[in-house]
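# Examining the three-dimensional arrangement
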Amino acid sequence: MPRARLHRAWWVVAVTFVTIIGAAAFRSLPGILVDPLHEDFGWSRGTIGAAVSVNLALYGLTAPFAAALMDRFGIRRVVATALVVIALGSGLTVWMESAWQLILCWGLLVGIGSGSMALAFAATVTNRWFTERRGLVTGVLTAAAASGQLIFLPLLSWIVETYDWRPAAVTVALAALAVVPFVWLLLRDHPADVGQKPYGAKEFVPKPAPVPGAARRALTMLRSAVRSGPFWLLAGTFAICGASTNGLIQTHFIPAAHDHGMPLTTAASMLAVIGVFDVVGTIASGWFTDRFEPRRLLAVYYALRGVSLLFLPMLLAPSIHPPMIFFIVFYGLDWVATVPPTLALCREHYGDDSAIVFGWVLASHQVGAALVAFLGGAARDTFGSYEVVWYASGALCAAAALMALVIRRRPTTALGAS
């Protein structure tokens, strides 16, 4: 009996995974650069945090338009263009001399490029290529960013400490460019392009016609979504998710650990270890999401994250010790475990429009991250430590746990459906 061929959808997942890993280099760099840029140019941490804030905000605000652009021009074209923009923005930082140039290159260009292949990219691939195993696939693709962090954080921190921050920026640019051929040659926009059904589908699904007016469609979805209660709760909880991960730990953990005497490479390696357990936690969360109620999963994730942040100020020290290792493992498992249940709730309430609506929910995630990236740096400048930021973020996570439980568990007709 001949062996069954592996469904093409899994090859698309593999290419998407590698693409997100390659692009994860730019996500690894901001926390490493805070102290080097402060020492090299004399810029305050608040100023550097402002550039990271622009990057994080645009990362989120671009996502819903990117999802609509993928419907109009195809996944392959949008993602390849985004990678080139990321490479351009990162490469140009080598010649910057003023803070506004950091905001332009790292904030504007890298922010727009990264937002164009954010989690909305993973959502679009999942929605088009799968009708079964969506939770698992979402977890796998979300974990790709953590895998990239695991690869690039120790490498980039070693480059910064051994040479300078400029070679690290060039490494990010080259990593983004290296992925472009994989996207262009191997990624396909829809199962119909290769004459296959989506994974798990009973019938062949024809490729939909390109949808014109990408910006108008994204804004129309937003106007429809804001009239529903679940959108505000999903956006609010995901804003706190962004504040307590990308904005807080990814941007400020390394300089906070350095404040306590920990070497830069050691702190970066610990953040990379978070990425190891992030992969495990996110894939497991996808598996759980296929089997358990997403609202309750979110409540548990946010509650545990809040408790761990309240203990962090007591754990920071010049060297690694067992309680800190426990925090790293615990926080890693919970890092983006929130994504699969959040996306599942978007899909449940908004149907075929869920990728674009999730793009707007992701925008709130990045706005929350942007605020804490800036406010965390400003708090460090004002109070001389990050302690107040850890406690405030722990309280926010407790609020997010309560908000998750309030989300209605009720399927609704997809927004915009006739």
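Every chain begins its residue count from 1, and numbering advances along the sequence as written. Residue-level local features of this predicted model are given only where pLDDT is at least 70; pairs of side-chain atoms are given and counted only at 80 or more, and the full residue set underlies all totals for whole chains, interfaces and linings. In computing side-chain values, all of the structure's heavy atoms are included and hydrogens and water are not.

## Quick look at the overall build of the protein chain
Formally: Only runs of H or I of at least four residues qualify as helices and only runs of E of at least two qualify as strands under DSSP, and these elements are numbered from the N terminus. For the radius of gyration, the atoms used are the C-alpha atoms, and the globule rule reads 2.2 Å times the number of residues raised to 0.38. Whether two residues are in contact is decided by their heavy atoms: any pair within 4.5 Å suffices. Residue exposure ignores everything except the shown protein chains as possible cover, and the areas themselves are Shrake-Rupley values with a 1.4 Å probe. We score Asp and Glu as negative and Lys and Arg as positive, and we do not count His or the chain ends. For charged residues, the charge sits on one atom: NZ in Lys, CZ in Arg, CG in Asp, CD in Glu.
Along the backbone of the protein chain there are 18 helices and zero strands. In summary, the protein chain has a C-alpha radius of gyration of 20 Å against a globular reference of 22 Å for 418 residues, a match within 12%. With the C-alpha coordinates aligned to their principal axes, the bounding extent of the protein chain is approximately 60 × 50 × 45 Å. Counting only contacts in the protein chain whose residues sit at least 6 apart along the sequence, the fraction spanning at least 24 positions is 84%. Surface accessibility of the protein chain: about 16600 Å² in total, with carbon and sulfur atoms responsible for 68%. A distance of 13 Å separates the average location of the 29 positive side-chain charges in the protein chain from that of its 21 negative side-chain charges.

## Considerations on the packing of helix H12 (residues 246–259) against helix H13 (residues 264–289)
Operational definition: To obtain each axis, a line is fitted to C-alpha atoms, and for helices this fit is confined to the stretch in contact; angles are then taken between N-to-C directions over 0 to 180 degrees. Crossings are assigned a handedness: left-handed for a near helix turned anticlockwise from the far helix by less than a right angle, right-handed for a clockwise turn. Residue classes follow a fixed rule: Ala, Val, Leu, Ile, Met, Phe, Trp, Tyr, Cys and Pro count as nonpolar, while Asp, Glu, Lys and Arg count as charged, and any other residue, Gly among them, counts as polar.
The N-to-C vectors of H12 and H13 enclose an angle of 145 degrees; their axes lie 9 Å apart at closest approach. Crossing angle aside, the handedness with which H12 passes H13 is right-handed. Note on element contacts: H13 touches H12 through Leu264, Ala267, Ala268, Met270, Leu271 and Ile274, opposite Ile249, Gln250, Phe253, Ile254, Ala257 and His258. Among the residues making up the contact of H12 with H13, the classes are represented as 10 nonpolar, two polar and no charged.

## Digging into helix H18 (residues 387–406)
Going by this rule: The span you would expect from a helix comes to 1.5 Å times its residue count less one. Buried means the residue's accessible area, taken with a 1.4 Å probe over protein chains only, is under 20% of the maximum for its type, while exposed means over 50%, and partly exposed covers the values in between. Throughout, the arc means the angular range of directions from the helix axis out to the C-beta atoms.
Look at H18: 30 Å from first C-alpha to last across 20 residues, which is about the 28 Å you get at 1.5 Å a residue. Within H18 the residues assigned to the buried category are Val389, Trp390, Ser393, Gly394, Cys397, Ala400, Ala401 and Ala404. Buried residues in H18, looked at end-on, bunch into an arc of 135 degrees, giving them a common side. In H18, the exposed positions that point more than 90 degrees away from the buried face belong to Leu402 and Val406. Residues of H18 that are buried in the fold lie against helix H11 (229–244), H12, helix H14 (294–315) and helix H17 (354–383).

## What about the packing of aromatic side chains?
The description of an aromatic ring pair uses the distance of the two centres, along with the angle that the planes make with each other. Selection criterion: Any Phe, Tyr or Trp ring, taking Trp's six-membered ring, that has another such ring centre within 6.5 Å forms a pair; planes under 30 degrees apart are called stacked, those over 60 apart edge-to-face, and the others tilted.
Using the criterion set out here, one finds 11 aromatic pairs in the structure. Geometrically, the ring pair formed by Trp10 and Phe130 is edge-to-face, given 5.0 Å between the ring centres and 70 degrees between the ring planes. You can see Trp10 sitting in helix H1 (residues 8–23) and its partner Phe130 sitting in the loop between helix H7 (119–129) and helix H8 (134–162), a full 120 residues away along the chain. By relative accessible area, which is 0% here, Phe130 ends up buried. Taken together, Phe41, Trp43 and Trp165 form an aromatic cluster joined through their ring pairs.

## Section: the packing of H14 against H18
This is how it is decided: Our angle categories are set so that under 35 degrees counts as roughly parallel, over 145 as roughly antiparallel, 65 to 115 as roughly perpendicular, and the remainder as oblique.
Between H14 and H18, whose axes approach to 8 Å, the crossing angle comes to 165 degrees. One finds that H14 runs roughly antiparallel with respect to H18. For H14 against H18, the interelement crossing comes out left-handed. Contacts from Arg295, Arg296, Leu298, Ala299, Tyr302, Ala303, Arg305, Gly306, Leu309, Leu310, Leu312 and Pro313 of H14 reach H18 at Glu387, Trp390, Tyr391, Ser393, Gly394, Cys397, Ala400, Ala401, Ala404 and Leu405. Its residues assigned to classes, the contact of H14 with H18 shows 15 nonpolar, three polar and four charged.

## Looking at the nonpolar core
Within soluble globular proteins, side chains that are nonpolar generally end up buried alongside one another. To keep it simple, the criterion reads: Definition of nonpolar core: a set of buried residues of the types Ala, Val, Leu, Ile, Met, Phe, Trp, Tyr and Cys, connected through side-chain atoms within 4.5 Å.
Counting residues in each nonpolar core, the largest one holds 87 residues, and the members touching the most others are Ile249, Phe253, Ile254 and Trp390. If you tally residues by element for this core, the top one is H17, at 10 residues. Discounting residues that sit within four places of it in the chain, Ile249 has contacts with Ser244, Leu271, Ile274, Leu309, Leu312, Tyr331, Trp335 and Trp390.

## Topic: the pattern of salt bridges
Rule in force here: What counts as a salt bridge is simple: a side-chain nitrogen of Lys or Arg found within 4 Å of a carboxyl oxygen of Asp or Glu.
One pass over the full model with this rule turns up six salt bridges. Two residues, Arg166 and Asp40, come together in a salt bridge whose shortest N-O distance is 3.4 Å. Of this pair, Arg166 sits in helix H9 (residues 165–186) while Asp40 sits in helix H3 (residues 30–41); the two residues are 126 residues apart in sequence, bridging distant segments of the chain. Assessed through its relative accessible area of 39%, Asp40 is described here as partly exposed. Between Asp334 and Arg305 there is a salt bridge, with its nearest N and O atoms 3.0 Å apart. With a gap of 29 residues between them, Asp334 in helix H15 (residues 322–334) and Arg305 in helix H14 connect regions that are remote in the sequence.

Function cannot be inferred from these measures alone, as they are strictly geometric.
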